[in-house]
Amino acid sequence: MKGPRGTQDLLPGVTEKWQYVEDKLKNLSMRYNYQEIRTPIFEHTELFQRGVGDTTDIVQKEMYTFTDKGDRSITLRPEGTASVVRSFVQHKLFGLPSQPTKLFYIGPMFRYERPQQGRMRQFVQYGVEALGSEDPAIDAEVMALALEAYKQLGLKSLKLVINSLGDIDSRNAHRQALIEHFSSVKEELCGDCQGRLEKNPLRILDCKKDRNHPSMQTAPSILEYLNDYSRNYFEQVKRYLDVMGISYVVDQNLVRGLDYYNHTAFEIMSDAEGFGAITTLSGGGRYNGLVSDLGGPETPGIGFALSIERLLMALEAENISLPIKESIDCYVIALGEEANLKAAAIVQQLRQQGIQVDKDYQNKKMKAQFKAADRLQAKFVLVLGEDELAKNEVAVKEMETGNQENIKLDVLTDYLISKL
RNA sequence: GCGGUCGUGGUGAAGUGGUUAACACAUCGGAUUGUGGUUCCGACAUACGUGGGUUCGAUCCCCACCGGUCGCCCCA
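Residues numbered from 1 in each chain as written. Chains lettered and ligands numbered in written order. Predicted model: local features only at pLDDT ≥ 70, side-chain atom pairs only at ≥ 80, totals over all residues. Heavy atoms only, no water.

**A closer look at the packing of helix α1 (residues 15-31) against helix α5 (residues 136-151)**
To characterise two packed helices, one gives the angle between the axes of the helices and the distance between these axes.
Inference 1: It is at 10 Å that the axes of α1 and α5 come closest, and there the two elements cross at 145 degrees. When the axes of α1 and α5 are compared, the crossing they make is right-handed. For the pair formed by α1 and α5, the contact residues are Leu-25, Leu-28 and Arg-31 on the first element and Leu-145, Glu-148 and Ala-149 on the second.
Inference 2: In the contact of α1 with α5, the residues fall into four nonpolar, no polar and two charged. (Axes fitted to C-alpha atoms, helices over the stretch in contact; angles between N-to-C directions. Helix = DSSP H or I, 4+ residues; strand = E, 2+ residues; numbered from the N terminus. Left-handed = near helix turned anticlockwise from the far one by under 90°. Contact = heavy atoms within 4.5 Å. Nonpolar A, V, L, I, M, F, W, Y, C, P; charged D, E, K, R; others polar.)

Next comes the structure, spelled out in structure tokens:
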């Protein structure tokens, strides 16, 4: 038996890394005052069709959709924002006194795709959403948080790429201009781009094959199509980033794959070697129309999401090891039946005092028990044989130094606590 | 969804159309009858992804499927 394609089991040895990273992310959220929200991992299919966009690849070909026993169309969530916004609307969080509403989430997402390293069918995203503010400062805050998520773990090869998609009208005007511009040379473009022309003309601009086609140089830029408000908003966002000491690159070709984005769009990429086709660590942007699209009041929003899998890949690419505790406080070695009984009692007592302790459960000989203790990197080994038993004490050996002394059982806990 | 490539014990990794499928690491035992990490010796292992086909005979050749991986599409 194997697990389904594109899924993975996280086993001891790596779950520790996940716990560490998740813990850091939760702490980071608190520092920026984002509170956790937990939404279901499945939703009505319609939510994603309306929220993410009916024409997007995610909705058209990547959703895990099924009909439940009540004949409802259900979809395993492919991303987090739609659910968070749905919940925001359903529970009328816009009515709470403290606005904007700043939320974070962490959990599995599902997309039916051809798996590759860094691209699972079930993967885990951490993301934040700030709803109810159209202040460029909060755009900058979200980007700052996104970068800090990586920096606090020691990552260095990071690049923040930003763009403005403008409002809906600017976007559509630009799109139309692109279609007209490239239509005249359609036959000269690669097959992919011919398909992109109607579907997503913006993507033509960063095609790897047609990069040197002369029409690229003269293609209309989104920035020319921004109206005054959009242009000014983008300028303000950049000013905030500057003031906060955050460096970035403007890429007019940056496109996001979900329909709900407008104005600010950004991605964080890794420069590290050996990252292959996957270079985007996280992405996000503003979605001012989404809340009202999903039945709420006109409410601006911005957010971003990162994948834990890719974050861990980036750590590996930069050779960063996380400070994970691998040792155990104490290991009890018992010799003989009587000693084993007593050992169980001692183990129980020490654990109740908060000391991390384990013992042998395979009837191993002393030498093998010592090896087990070594493997666990036990700081102290307690040896309990007939001699010790008779004297109501236990031999305590500090493994690093090899020093050993006999300790009376009634002061054992205090002794260990003072040493640990 | 498209194209390339790969799939041998717990792990890494040889190899062959034909009797017992190397080797290394790990594991276990012994040298050392109650004290670990080294060394030496020995032992163990549900191993040729699955299903068909070709063949007297397939781990090896062919096909399909499954899974990994790389690239494309797209994305986190």
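**With respect to the protein's contact with RNA strand B**
Inference 1: Residues in close proximity to RNA strand B total 49 residues, the closest being Arg-111, Arg-119, Arg-203, Gly-257 and Asp-374.
Inference 2: Backbone atoms, meaning sugar plus phosphate, form 58% of the atoms of RNA strand B positioned within 4 Å of the protein.
Inference 3: Side-chain polar atom of Glu-113 to a base nitrogen of RNA strand B: 3.0 Å apart, as the coordinates give it.
Inference 4: Interatomic distance of 3.4 Å between a backbone N/O atom of Gly-283 and a sugar or linking oxygen of RNA strand B.
Inference 5: Within the residue set of the surface near RNA strand B, elements represented by two or more residues are β6 (122-131), α7 (191-199), β10 (280-286), β11 (301-307), α14 (366-375) and α15 (386-391).
Inference 6: For the surface near RNA strand B, the leading source of residues is α14, giving five residues. (Near = heavy atom within 4 Å. Polar contact = N/O pair within 3.5 Å; in protein donor to acceptor, adjacent residues only side chain to side chain.)

**A word on the environment of Lys-342**
Inference 1: Among the secondary structure elements, Lys-342 is positioned in helix α13 (residues 337-352).
Inference 2: Given a relative accessible area of 32%, Lys-342 falls into the partly exposed group.
Inference 3: Spatially, the C-alpha atoms of Lys-342 and Glu-316 are 45 Å apart, while their sequence positions differ by 26 residues.
Inference 4: Those residues in contact with Lys-342 that lie beyond four places of it in its chain are Leu-384, Leu-389 and Leu-409. (Buried < 20%, exposed > 50% of the residue type's maximum accessible area, 1.4 Å probe, protein only.)

**Quick word on the domain arrangement of chain A**
Inference 1: According to the domain assignment, chain A contains domain 1 (15-167 + 227-317) and domain 2 (328-419).
Inference 2: Between the C-alpha centres of domain 1 and domain 2 the distance comes to 50 Å. (Domains from an automatic or database assignment.)

**What about a positive patch on the surface?**
Inference 1: Together, Lys-364, Lys-367, Lys-371 and Arg-375 make up a positively charged patch on the protein surface.
Inference 2: Structurally, Lys-367 can be placed in helix α14.
Inference 3: A residue is classified by how much of its surface remains accessible, and Lys-367, at 64% relative accessible area, is exposed. (Patch = residues over 30% accessible without salt bridge, like charges linked within 9 Å, V, L, I, M, F, W, Y side chains within 5 Å. Areas by Shrake-Rupley, 256 points an atom, 1.4 Å probe, with all protein chains shown as cover. Salt bridge = Lys/Arg side-chain N within 4 Å of Asp/Glu carboxyl O. Lys, Arg positive; Asp, Glu negative; His and termini not counted. Charge placed at Lys NZ, Arg CZ, Asp CG, Glu CD.)

**Some details on a nonpolar patch on the surface**
Inference 1: The grouping of Tyr-240, Val-243 and Met-244 at the surface amounts to a nonpolar patch, some 300 Å² of accessible area in total.
Inference 2: Positionally, Tyr-240 belongs in helix α10 (residues 228-243).

**Digging into the side chain of Thr-75**
Inference 1: Relative to the assigned elements, Thr-75 resides in strand β4 (residues 73-76).
Inference 2: Within the local environment of Thr-75, its side chain forms a polar contact with the side chain of Thr-65, the two groups lying 2.9 Å apart.
Inference 3: Not counting residues up to four positions away in its chain, the partners in contact with Thr-75 are Ile-41, Phe-42, Glu-43, Thr-45, Phe-48, Met-63, Tyr-64 and Thr-65.

**Some thoughts on the nonpolar core**
Inference 1: Ranked by internal contacts, the top residues of the largest apolar core, which has 45 residues, are Tyr-126, Leu-160, Phe-304, Leu-306 and Ile-308.
Inference 2: Those elements that provide at least two residues to this core are α1, β6, α5, β7 (158-164), α10, β9 (262-270), β11 and α12 (308-317).
Inference 3: Core analysis: the second largest hydrophobic core is formed by 32 residues, Ala-82, Val-89, Leu-165 and Val-291 among them. (Core = buried A, V, L, I, M, F, W, Y, C linked by side-chain atoms within 4.5 Å.)

**So, the pairing of β7**
Inference 1: Counting buried positions along β7 gives six out of seven residues, so the element sits mostly inside the fold.
Inference 2: As paired elements, β7 and β9 share seven bridges and run antiparallel to each other. Bridging from a neighbouring strand, Asn-163 pairs with Ala-265 of β9. (Pairing = 2+ DSSP bridges.)

**A look at the packing of aromatic side chains**
The geometry of an aromatic ring pair comes down to the distance between the two centres and the angle between the two planes.
Inference 1: Inspection of every chain in the model, using the stated rule, returns eight aromatic pairs.
Inference 2: Between Tyr-260 and Tyr-287, the aromatic rings sit 5.7 Å apart at their centres with planes inclined by 70 degrees, giving edge-to-face as the arrangement. In this pair, Tyr-260 sits in the loop between β8 (249-250) and β9 while Tyr-287 sits in the loop between β10 and α11 (290-293), placing the two residues 27 residues apart along the sequence. The two residues Tyr-260 and Tyr-287 agree in class, both being buried.
Inference 3: Here the aromatic rings of Phe-266 and Phe-304 are separated by 6.4 Å at their centres, their planes lie at 35 degrees, and the arrangement is tilted. Here Phe-266, found in strand β9, pairs with Phe-304, found in strand β11; they are 38 residues apart in sequence, far enough to count as distant. Like Phe-304, Phe-266 is buried.
Inference 4: Here the aromatic cluster, defined as three or more aromatic residues joined through ring pairs, consists of Phe-104, Tyr-126, Phe-266 and Phe-304.
Inference 5: Directly above the aromatic system of Tyr-112 lies the positively charged group of Arg-121, at a separation of 3.9 Å from the ring centroid.
Inference 6: Above the face of the Tyr-361 ring, Lys-359 is positioned so that its terminal group lies 4.8 Å from the ring centre. (Phe/Tyr/Trp six-rings, centres within 6.5 Å; stacked < 30°, edge-to-face > 60°. Lys NZ or Arg CZ within 6 Å of the ring centre and 35° of its normal.)

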